[in-house]
Amino acid sequence: MGLTQDMTVTTQSFFDSATRQLVSSLSLPASATSEHSFKAPHIEGLEFRTETNDFDLSEQDYTFRISPTSKKIRKAQKDLYELYVNNPENPLLSTLNSEIETSYQSWIELYVTHERQALSEDLLDLMEKKKAVLEKMIILPDFKLKDFVDLQKEVAELDIDKVLLEQKQKAIATSYDLQYSSFSFIDLINVDEIESTIKSIDPNSLSQDDKEEIALYEKDLLQKELNLELAENQKIFEWGQLAYRGINGNPLKEVVSIGAAFRWPHDGNNRLKIEELKIKLNQIDGDRFIEDEKLSIATESAKAETLAKIETYRRIVNLRETQKIATQKIVSLLLKDQNVDPIDLLNIKEDELKEQIASLELLEGIYNSYINTLSVSRLMYKMPLNNYLR
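Procedures and definitions
Residues numbered from 1 in each chain as written. Predicted model: local features only at pLDDT ≥ 70, side-chain atom pairs only at ≥ 80, totals over all residues. Heavy atoms only, no water. Axes fitted to C-alpha atoms, helices over the stretch in contact; angles between N-to-C directions. Helix = DSSP H or I, 4+ residues; strand = E, 2+ residues; numbered from the N terminus. Parallel < 35°, antiparallel > 145°, perpendicular 65-115°, else oblique. Left-handed = near helix turned anticlockwise from the far one by under 90°. Contact = heavy atoms within 4.5 Å. Nonpolar A, V, L, I, M, F, W, Y, C, P; charged D, E, K, R; others polar. Core = buried A, V, L, I, M, F, W, Y, C linked by side-chain atoms within 4.5 Å. Buried < 20%, exposed > 50% of the residue type's maximum accessible area, 1.4 Å probe, protein only. Patch = residues over 30% accessible without salt bridge, like charges linked within 9 Å, V, L, I, M, F, W, Y side chains within 5 Å. Areas by Shrake-Rupley, 256 points an atom, 1.4 Å probe, with all protein chains shown as cover. Salt bridge = Lys/Arg side-chain N within 4 Å of Asp/Glu carboxyl O. Lys, Arg positive; Asp, Glu negative; His and termini not counted. Charge placed at Lys NZ, Arg CZ, Asp CG, Glu CD. Expected span 1.5 Å × (residues − 1). Phe/Tyr/Trp six-rings, centres within 6.5 Å; stacked < 30°, edge-to-face > 60°. Lys NZ or Arg CZ within 6 Å of the ring centre and 35° of its normal.

Helix α8 (residues 342–376) packs onto helix α5 (residues 191–200) with a crossing angle of 25° between their chain directions and a minimal axis gap of 11 Å. Between α5 and α8, the crossing angle belongs to the class labelled roughly parallel. As α5 runs across α8, the sense of the crossing is left-handed. Counting all contacts with α5, which are made through V191, I194, T197 and I198, the residues of α8 involved are L363, I366, Y367, Y370 and T373. Here the residues of the contact of α5 with α8 sort into 7 nonpolar, 2 polar and no charged.

Laid out in structure tokens, this is it:
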């Protein structure tokens, strides 16, 4: 990945390292095939024919026929070849796009895993405290064995969850050769910044630069193919031939003859193909308009989904915060006037931690929806690459 081991990886350094090699591969020199020159042939076909008359070799006929091309055909072939060589569609581009999106998702997974590990540690510490309190209450008559057993099971589940989170983090880090690095998410984009970015995206002003270039290439390709068909359709001289009739004793019988064939241009031999190419050529612009409309609609839908998740997240977080403040006020009043069961206090804290875990899941949904919006709008893939996670 190009990052030094035992270092702190930030959102920007992770993105730079994850995409640097892929971006550089797009600028590799063209293959040696493109350096070969193409010479359009002057001869389209050569034929040699022979036939005999009653197996009399003295009257064996020999015919040599040549079918030339034309200057227009050769030019059209040359133009078409040059277009083939300069195909802008890079097979690595789809791989790059996939890897970019994967790097976004991986960093969010690392962040969520990191936050979940911290909350799980707090929850595990709290459970140990509850367990210690319950162990002191074993001798009391109102001790509930089932509550103690359930608590032990929950502690075991938290231990398992801790191991799974560590394995998940290690798997992601190893895939980027970062297994010995620490992670800092201080520069990770927050919910307010996500909302601002999402609102700034104008679906009607988006461009598909990579697809636009390919669409123009396909249009030019169709035009060059049409030019070749038209050049072939305008060809007049079809072929010329030289015939030798064999040795014979008849001085009036022609021994050598020269023949030629001419065709009437635009006779319709490939008219159907020409019309097909014209139709496809006319459809290119319409297809591009449809693709742009699809892009606009898909982006608008993705934006709405992300903004809806942000609104839901804020409402739930605010409700939980209001509830937390009210609960703390009541607990403070009770602590002044009477003793409070320590288990009750620990249960309240446990609920708060579990609510934070639930809020983290909602936050993860926002990040995933945000990444989807960047992908659908193709902003994520626009060159030069911009890191939208910071």
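All right, on to the nonpolar core then. Counting residues in each nonpolar core, the largest one holds 54 residues, and the members touching the most others are Y104, W107 and L188. For this core, the secondary structure elements donating two or more residues are α1 (11–26), α3 (91–136), α4 (145–175), α5, α7 (271–337) and α8. Here this core takes 14 residues from α3, the largest share from any one element. With residues near it in sequence (within four places) discarded, Y104 still touches F15, I371, L374, M380, N386, N387, Y388 and L389. By size, the runner-up hydrophobic cluster in this structure holds 8 residues, among which are I73, A76, L80 and L83.

Taken together, D122, D125, E128, E135 and D159 make up a surface patch of like negative charges. For the negative patch, the element with the highest residue contribution is α3, accounting for 4 residues. Topologically, E128 is positioned in helix α3. Judged by relative accessible area, which is 37%, E128 ranks as partly exposed.

Here S106 is to be found in helix α3. The contacts of S106, once residues within four sequence positions are left out, are F14, I172 and Y176.

On to a nonpolar patch on the surface, then. On the surface, a nonpolar cluster with roughly 910 Å² of combined accessible area is contributed by I43, L46, F48, Y62, F64, L242, Y244, V256 and I258. With 3 residues, the single largest contributor to the nonpolar patch is strand β2 (residues 43–53). Summarising the element assignment, L46 is placed in strand β2.

For residues other than glycine, phi is negative in most cases, and the peptide bonds are mostly trans. The residue D177 is not glycine, and still its phi comes out positive at about 60°. With respect to the helices and strands, D177 occurs in the loop between α4 and β4 (182–183). With a phi close to 70°, R378 is a non-glycine residue in the positive phi region. Along the polypeptide, R378 turns up in the segment after α8.

Let us look at α4. Taking 1.5 Å per residue as the helical rise, α4 with its 31 residues ought to reach 45 Å, and the 46 Å between its terminal C-alpha atoms agrees with that figure. Among all positions in α4, only F148, L151, V155, L158, D161, L165, Q169, I172 and A173 are buried. At the C-terminal side of α4, D177 shows a positive phi close to 60°.

Here we take up the environment of E305. If you trace the backbone, E305 turns up in helix α7. As for E305 and Y370, which are separated by 65 residues in sequence, their C-alpha atoms are 8.9 Å apart.

One pass over the structure, following the stated rule, counts 9 aromatic pairs. When the ring of W107 is compared with that of F183, the centres are 6.0 Å apart and the planes differ by 70°; the resulting orientation is edge-to-face. Residue W107 is found in helix α3, and its partner F183 is found in strand β4; the two are separated by 76 residues along the sequence. Each member of the pair W107 and F183 is classed as buried. Geometrically, the ring pair formed by Y111 and F185 is edge-to-face, given 5.4 Å between the ring centres and 65° between the ring planes. Of this pair, Y111 sits in helix α3 while F185 sits in the loop between β4 and α5; the two residues are 74 residues apart in sequence, bridging distant segments of the chain. No difference in accessibility class separates Y111 from F185, as the two residues are buried. Taken together, the ring pairs in this structure connect F14, W107, Y111, Y176, F183, F185 and Y367 into an aromatic cluster. Over the face of the ring belonging to W239 we find R65, whose NZ or CZ atom lies 3.5 Å from the ring centre.

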